[in-house]
Amino acid sequence: MTTQPARVTIGRRTFVGYVVAGATLVAAADLGTGPAGPAAAAPGVPQPAELYDLNDFLTEAAMPTANLITVEVHEDGTASFALPRMEVGQGITTSTAMLIAEELELPLDRVRVTLADARPELVWNQLTGGSNTTISTYTPVRVAAAVAKQALLEAAAIQLGDTVANLVARGGVVQAPDGRSLTYGELARAAASRTTRAVDVRLKDPGQFRVVGTGQPRIDALEAVTGRKQYATDLQVPGALPTMVCRAPTLNGTPKRLRNQREVLAMPGVTDVALVDTGVAVRAETFGQCIDAIRAMHVDWADGPVAGLSDQDVVAELHGAEVPMPTLPDTPLAQTVELDVLFYFRSNSAMDTNSAIADVRDGKATVWSGLKSPITAQERIAEELGLTPDAVTVHVVQGGGSFGRRLFFDGALEAAKISQAMGKPVKLMWHRADDARVGRTHPMATSRVRAVHAGGQVLAFQQSHTSVETDFRHGLGELITAKVADLPTGLGNLGFSETVFELTQEVPYDFGAIVQTLVETDDRFNTGSMRNIYSPDVRAAGELMVDQLARAMKQDPYEFRRAHLRNDRVRAVLDAVADAGRWGRSMPSGTAQGIAIHKEYKGVSACLVEIDCRPRQTRRDIRDGVGGPRATKVVFAVDVGLVVNPRGLEAQMQGGINDGIALALTSSLHLRDGHFLEASWDNYFYTRQWNTPPEVDVIVMPSDSGQPGGAGEAGVAATFAAVACAYARAVGQVPSYFPVNHRDPLQFRPKPVVPPIPQSPTNGLRKAW
C-alpha cells in the first residue's frame, strides 16, 4: 500500500491525501500552494528576510510536487520512504523516520528511510540546502503517513467487522475493542487501492506526540561506528575499478598531452589512461597503484585562469570592486564607527572526499554519488555526454559531510566523462589534495561596516560585503534554473547571489536606517555555498561592530545587545547563554568572553565563548598543527521552533560550533602562484582535538511553535562571531582578517604541486596512539 500527500493552507491540521494505486499500501500528500501565513510584526522598517526568507522560497518551490513523494507499507509490517534529499551526516533520515513513525503509529525501528534516485518530475523538490529539509518535508511526510494509517484502519474495519472510530492503531497493530487485532503487514495488501483516491486525514496535535520531540539515536549510528555504512567508494559495482586524476599545477589548468603514456600504462595494475578536461585520469586495480601512476606522469599543461595570482592579488581586486557606501545622516553631534574585515579563502572539504562511480556504455549512463542536486546532475551529465536525460540514471548515496560542496556534482560529472572516454566503469576518488586545491571553496571576501550613533541611539547601520563570486550554477536543483544562473547578465549567477543574500541576511537590532549590500566579482575560482553561505562572515563583521558600538557608547556588550534587539526570541537565547555562561565574570588578562547572536531560517541562536590568548596557550608545540588561541568554553542556545529530534539538534550545534571556531581561528587556504598550498588535513587546519573547547553546553530552547525551523547551519554564524568578539576583547584589538592564524611565513611546509598528490604514507603506525 502506498500513500501520498492535498491542497491546503499549511497552518491547518486537516489535509487531503491520496491512496495511490498499487499492490500494497502507498500513500502521499498534496500540499498545493496554499497562501502563506501573516508575517510576525517587527518594530521599525522590516528587512526582506523578516518578511520572506530563503526557507519560504525553497518550501514554496517544493509544494507543487509534494504529492509525488510516497510512504509505502509492506507485508512484513515495515514502512519505507525514499527521501528526495541527501543525508550527509545531518541526521535527516532519522528525523524523517521519526515523523513517519509518529503519524503512522509504527515503532521507529520498523521505518526504513532511503535516498531517492534523481527524479526530474520533482522539479525543485529534490534540492538539499538552506537548512530546509525538515521545514519543507515536515507536513508532506506526516500527511502521507497519516493517509497510510487511515487506509489501514479502513481495511481493518472491514475485516474485523467494526467501525474505524472504534479501532486503535498503535505499534504497527490495529486493535478492536474486543481484543481482536491485525498487524499492518496483514493489512498492507487489503489496504491497497486499484485506483488513486482522495482521503481526508487529521494530523496529530503536537501535544499528542510520543516520538517527535524525544531524543533519538541516529538510525544509522551502529553502521557508522562499525564501519558498515556505505559511501560511494564502498559500493561494489561490477567492473568499476579505482580511478584517480592527475591535476594541473595551477587551478583549473587543462592537460595538453601525457608525454609518457606508454610508461604509465606499463605500471603494475594500470588498465587505462585518458585525457579529460580536468586532467589525466588513470584506472588501476587499486587506489595505491593509481597514486603511483599519477606521481610518475609527465604532463604538459595549459595554465589555469588564475595562474600567477596570490592572496594579495585577490585582496587588491576585492578592494577595487568595493562600491561607495551610502551617505550617512549629517548630524553634528553624531559619531561614526567604522570596521573593515577580510576573510580569506576556506575549503569546503569534508571527511568523505569527492567520489563517484560511473558506468557509461552502449548509449546509457549510470552514476552513483553523494548529490544534493541530483536532478541538475542527471541533466548536466546527459548534456555533457550527448545523451538524453532518460538515458542517465543517478543514484544518490549518503555522504560523509558536505558543507555545501555537494550541491555541485563535480566528481559525478568527472567520473561520467572518464567512463565514457575509457569505455569502462570507473570508481573515481579525489585525493585529499584534490579536495583542498581544486575543490569548492568559501570565497574570499571583505566586509565593511559603518554605524552612526548619537544621544545613546544608533542612527544608522551599513554593511557592504564584497566577495569573490559564490557559484550558484546548480540552480534550484534542475537544469532550467541552473542555465539561468549561467547567463552573463543580472539574471545570471549575480541575480542568484543577490537574491540569496537578501533572503538570508538580517540585522535584528533597532539600529535606525539599516542597509546591507552585496557586490561579487571574479568567477575564476571554484566556489560554493559553504555551510551557512554568507552568514558567518557577515555576522562576524556585524557583531564585531556591535561590540565597538557598545564600547563607544560605554555600555556592556551583552546589555547593549539586549537593549537594542527587536525580537523576543533572540533576546531569550541571548539571556540564556549570558546566564548559563556567567557573562561578565572576572577573567585573567589575556583571556576574555565574547557574545553574539544570529537569526535565520526561522530560528534564532546565541553563543557565549571564552578564549585563552595567553602565551602559554598560543605558543604550544602542536605536532602537525598550529597553536594559537583556544576557545576554552562555549555556551550555545538555539530556538528552531518545534524540534523533531533534540539529540540530533544538539549534535548539529556541536558540529557548527567547531565550524565557527575553525573559521575564526585556524581554517584557511593560502593562494600562491595560481594554486592553493594546503593539500590535506595535516596542513588545512580545521578545529582539532587540541583546540576543541573542553567545555561545551548546548541549550535547546523550549518552544510552543507547531512548525520546525532550519537547524543544519544554525551553529556556525553565532559561534564565529562570538569567537571573533572574544578574541578582540582578549588582545585589545579588532582583527583585520580571519582566520587569525592565516600568517606569513607559513606554519607548514607545502606539498609539491608536481606531482600533484603526495606519496601514500608508510609510517602511519608511528603516529598512532
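Residues numbered from 1 in each chain as written. Predicted model: local features only at pLDDT ≥ 70, side-chain atom pairs only at ≥ 80, totals over all residues. Heavy atoms only, no water.

Participant: What should I look at first to understand a nonpolar patch on the surface in this one?
Facilitator: A cluster of nonpolar side chains, contributed by I480, V484 and L487, occupies part of the molecular surface with about 260 Å² of accessible area. Here L487 shows up in the loop between helix 13 (479-485) and helix 14 (493-504). (Patch = residues over 30% accessible without salt bridge, like charges linked within 9 Å, V, L, I, M, F, W, Y side chains within 5 Å. Areas by Shrake-Rupley, 256 points an atom, 1.4 Å probe, with all protein chains shown as cover. Salt bridge = Lys/Arg side-chain N within 4 Å of Asp/Glu carboxyl O. Helix = DSSP H or I, 4+ residues; strand = E, 2+ residues; numbered from the N terminus.)

Participant: What is the right way to look at the sheet that holds strand 8 (residues 173-175) in this model?
Facilitator: Strand pairing in a sheet is mediated by backbone hydrogen bonds. Such pairs are either parallel or antiparallel. Read from one edge to the other, the open sheet built from three strands follows the order 7-8-9, with strand pairing classed as antiparallel. Looking along the sheet, the strands with just one partner apiece sit at the ends: strand 7 (168-170) and strand 9 (181-183). Sheet twist, expressed as the mean angle between neighbouring strand axes with direction ignored, is 20°. The pairing of strand 8 with strand 9 spans three bridges and is classified as antiparallel. Across the sheet, V173 pairs through a bridge with T183, a residue of strand 9. Sitting on the sheet, helix 5 (residues 184-191) touches strand 7, strand 8 and strand 9, and the angle it makes with strand 9 is about 80°. (Pairing = 2+ DSSP bridges. Axes fitted to C-alpha atoms, helices over the stretch in contact; angles between N-to-C directions. Contact = heavy atoms within 4.5 Å.)

Participant: Help me understand the packing of helix 19 (residues 646-665) against helix 20 (residues 716-731), please; the structure alone is not making it clear to me.
Facilitator: When two helices pack together, their arrangement is given by the angle between their axes and by how far apart the axes lie. It is at 7 Å that the axes of helix 19 and helix 20 come closest, and there the two elements cross at 40°. Judged on the interaxial angle alone, helix 20 and helix 19 are oblique. Crossing handedness for the pair helix 19 and helix 20: right-handed. The residues of helix 20 that touch helix 19, namely those facing G656, I657, D659, G660, I661, L663, A664 and L665, are V716, T719, F720 and V723. The residue inventory of the contact of helix 19 with helix 20, partitioned by class, reads eight nonpolar, three polar and one charged. (Parallel < 35°, antiparallel > 145°, perpendicular 65-115°, else oblique. Left-handed = near helix turned anticlockwise from the far one by under 90°. Nonpolar A, V, L, I, M, F, W, Y, C, P; charged D, E, K, R; others polar.)

Participant: Sorry if this is basic, but what is going on with the pattern of salt bridges here?
Facilitator: Proximity of charged atoms lets side chains of opposite charge pair with each other. Following the criterion strictly, the structure yields 51 salt bridges and no others. Salt-bridge contacts for R346 lead to D537; the nearest nitrogen and oxygen are separated by 2.7 Å. Of this pair, R346 sits in strand 17 (residues 346-347) while D537 sits in helix 15 (residues 535-552), and the two are 191 residues apart along the sequence. Just as R346 is buried, D537 falls in that class too. Linked by salt bridges that have partners in common, D410, R440, E469, D471, R473 and D486 make up one network. (Buried < 20%, exposed > 50% of the residue type's maximum accessible area, 1.4 Å probe, protein only.)

Participant: In this structure, what is going on with the packing of aromatic side chains? I would like to understand it.
Facilitator: Given two aromatic rings, their pairing is described by the distance between the two centres and the angle made by the two planes. The final tally for this structure, using the stated rule, is 14 aromatic pairs. Between Y344 and Y737 the ring centres are 5.9 Å apart and the planes differ by 75°, which places this aromatic pair in the edge-to-face class. Taken together, the residues Y344 in the loop between strand 16 (335-343) and strand 17 and Y737 in strand 32 (residues 737-738) connect sequence positions 393 residues apart. Both rings, one in F501 and one in Y534, keep their centres 5.5 Å apart while their planes meet at 75°; by these two values the pair is edge-to-face. Note that F501 is positioned in helix 14 and Y534 in the loop between strand 25 (513-521) and helix 15, a separation of 33 residues in sequence. Taken individually, F501 and Y534 each receive the classification buried, so the pair is uniform in this respect. Each member of the aromatic cluster is reached from another via a ring pair, and the members are F461, Y509, F511 and F560. The lysine or arginine in question, R247, covers the ring of W430, its NZ or CZ lying 4.4 Å from the ring centre. (Phe/Tyr/Trp six-rings, centres within 6.5 Å; stacked < 30°, edge-to-face > 60°. Lys NZ or Arg CZ within 6 Å of the ring centre and 35° of its normal.)

Participant: How do you make sense of the packing of helix 15 against helix 16 (residues 557-564) when you look at a structure like this?
Facilitator: Here helix 15 crosses helix 16 at 105°, and the two axes come no closer than 9 Å. It follows that helix 15 is roughly perpendicular to helix 16 by the angle criterion. Counting all contacts with helix 15, which are made through E543, V546, D547, L549 and A550, the residues of helix 16 involved are P557, F560 and R561.

Participant: Before we go on, may I ask you to explain helix 16 in this structure?
Facilitator: Every α-helix winds through 3.6 residues per turn, so residues three or four apart in the chain are directed the same way. Within the sequence span of helix 16, burial applies to P557, Y558, F560, R561 and H564. The buried residues of helix 16 occupy an angular sector of 165° when projected down its axis, which confines them to one face. Its buried side turned inward, helix 16 meets strand 24 (457-468), helix 15, helix 17 (568-580), strand 26 (591-600) and helix 20. At the N-terminal end of helix 16, a side-chain oxygen is found 2.9 Å from the backbone nitrogen of Y558, two or three residues along, and the residue is D556. (Arc of directions from axis to C-beta. Polar contact = N/O pair within 3.5 Å; in protein donor to acceptor, adjacent residues only side chain to side chain.)

Participant: Help me understand the domain arrangement of the protein, please; the structure alone is not making it clear to me.
Facilitator: Reports often express the size of an interface as the amount of accessible area lost when the parts come together. Under the domain assignment used here, the protein contains domain 1 (14-211), domain 2 (239-305 + 348-437) and domain 3 (322-347 + 440-738). The C-alpha centroid of domain 3 is placed 35 Å from the C-alpha centroid of domain 2. Residue-level contacts link 26 residues of domain 2 with 34 residues of domain 3. Across the domain 2/domain 3 interface, buried area totals approximately 2,600 Å², and carbon plus sulfur atoms make up 54% of it. Three residues stand out in domain 2 for area buried against domain 3, namely N348, F408 and R437, and they jointly supply 25% of the buried area on that side. The interface formed by domain 2 and domain 3 contains two salt bridges. Residue K483 pairs with E383 through a salt bridge whose shortest N-O separation is 2.6 Å. For the pair domain 2 and domain 3, the interface holds 18 residue pairs in polar contact (both at pLDDT 80 or more). Listed by contribution, the elements that provide at least two residues to the side of domain 2 that touches domain 3 are helix 10 (374-385) and helix 12 (432-438). (Domains from an automatic or database assignment. Buried area = accessible area lost by both parts, 1.4 Å probe.)

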